[in-house]
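# Fold and contact review
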Amino acid sequence: MIIQCPHCRTWNRSSRSACRECARKLAPGPYEETRPCIECGMRIAADEYHPYGVCLMFKGCYNSELVRSNLLEIQNRSYVMGQQARDDHN
Ligand SMILES: [Zn+2]
Ligand SMILES: [Zn+2]
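Residues numbered from 1 in each chain as written. Chains lettered and ligands numbered in written order. Predicted model: local features only at pLDDT ≥ 70, side-chain atom pairs only at ≥ 80, totals over all residues.

## Some remarks on the overall build of the protein chain
Counting its secondary structure elements, the protein chain contains three helices and four strands. Shown N-terminal to C-terminal, the secondary structure of the protein chain runs as helices and strands in the order β-β-α-β-β-α-α. Taking 90 residues into account, the globule formula puts the C-alpha radius of gyration at 12 Å, and the protein chain, at 20 Å, lies well above it. On the principal axes, the C-alpha backbone points of the protein chain span a range of 60 × 40 × 20 Å. Each of the 90 residues in the protein chain was classed as buried or not, and the buried ones make up 9%. Considering only contacts within the protein chain whose residues lie at least 6 apart along the sequence, 2% involve residues at least 24 apart. (Helix = DSSP H or I, 4+ residues; strand = E, 2+ residues; numbered from the N terminus. Rg over C-alpha atoms; globule rule 2.2 N^0.38 Å. Buried ≥ 20, exposed ≤ 12 C-beta atoms within 10 Å, placed from the backbone. Contact = placed C-beta atoms within 7 Å.)

## A word on the confidence of the model for the protein chain
Overall, the predicted model of the protein chain reaches an average pLDDT of 81, with 90% of residues at or above 70. Mean pLDDT values for the elements of the protein chain range from 78 in helix α3 (residues 64-89) up to 92 in helix α2 (residues 52-61). (pLDDT = per-residue confidence, 0-100.)

## Points about the domain arrangement of the protein chain
Splitting the protein chain by domain gives domain 1 (1-30) and domain 2 (31-90). Taken over C-alpha atoms, the centre of domain 1 sits 35 Å from the centre of domain 2. (Domains from an automatic or database assignment.)

## Some words on the nonpolar core
Ranked by size, the top nonpolar core spans seven residues in total: Met42, Ile44, Val54, Met57, Phe58, Val67 and Leu71. Breaking this core down by element, the ones donating at least two residues are α2 and α3. Sort the elements by how many residues they give to this core and α2 lands first, with three residues. The residues touching Val54, leaving out its near neighbours within four places in the chain, are Val67, Asn70, Leu71 and Ile74. (Core = buried A, V, L, I, M, F, W, Y, C linked by C-beta atoms within 7 Å.)

## Section: α2
All of the buried residues in α2 are Val54, Met57 and Phe58. All buried residues of α2 lie within an arc of 95 degrees about the axis, which places them on one face of the element. Turned more than 90 degrees off the buried face of α2, the exposed positions are Tyr52, Gly53 and Gly60. Directly after α2, the chain includes Tyr62, whose backbone phi takes a positive value near 50 degrees. (Arc of directions from axis to C-beta.)

## Considerations on the environment of Cys55
You can see Cys55 is positioned in helix α2. The class of Cys55 is partly exposed, set by 17 C-beta atoms lying within 10 Å. Not counting residues up to four positions away in its chain, the partners in contact with Cys55 are Cys37, Glu39, Cys40 and His50.

## Side note on unusual backbone geometry
At Arg9, a residue that is not glycine, the phi angle is positive and equals roughly 65 degrees. For Arg9, the position within the fold is in the loop between β1 (2-4) and β2 (11-13). Under the C-beta neighbour-count criterion, Arg9 is labelled exposed, with 8 such atoms within 10 Å. Phi angles above zero are rare outside glycine, and Tyr62 is one such case at about 50 degrees. Its place among the elements puts Tyr62 in the loop between α2 and α3. C-beta crowding within 10 Å serves as the criterion here: with 12 such atoms nearby, Tyr62 is assigned to the exposed category.

Below, the structure is given as structure tokens:
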């Protein structure tokens, strides 16, 4: 079956509607699959958790790069805390 790509208008043999080139461009990468945070509107990964403090931080500076680096730190800290809590339980 030969179909026309809706993005670049080239004819191609594909089971999808987009050609291989466009399908690759459109495919969501690890950082491209994002959704806006309900609270502050910052683009975050679909599985990313935004604590309330991080939303406040973004509302204060609107610098997603800065917020992201802080968010990683917070997440690492809570991960370590979770590990310790589990160790205490055992
Ligand atoms: Zn195309
Ligand atoms: Zn947020």
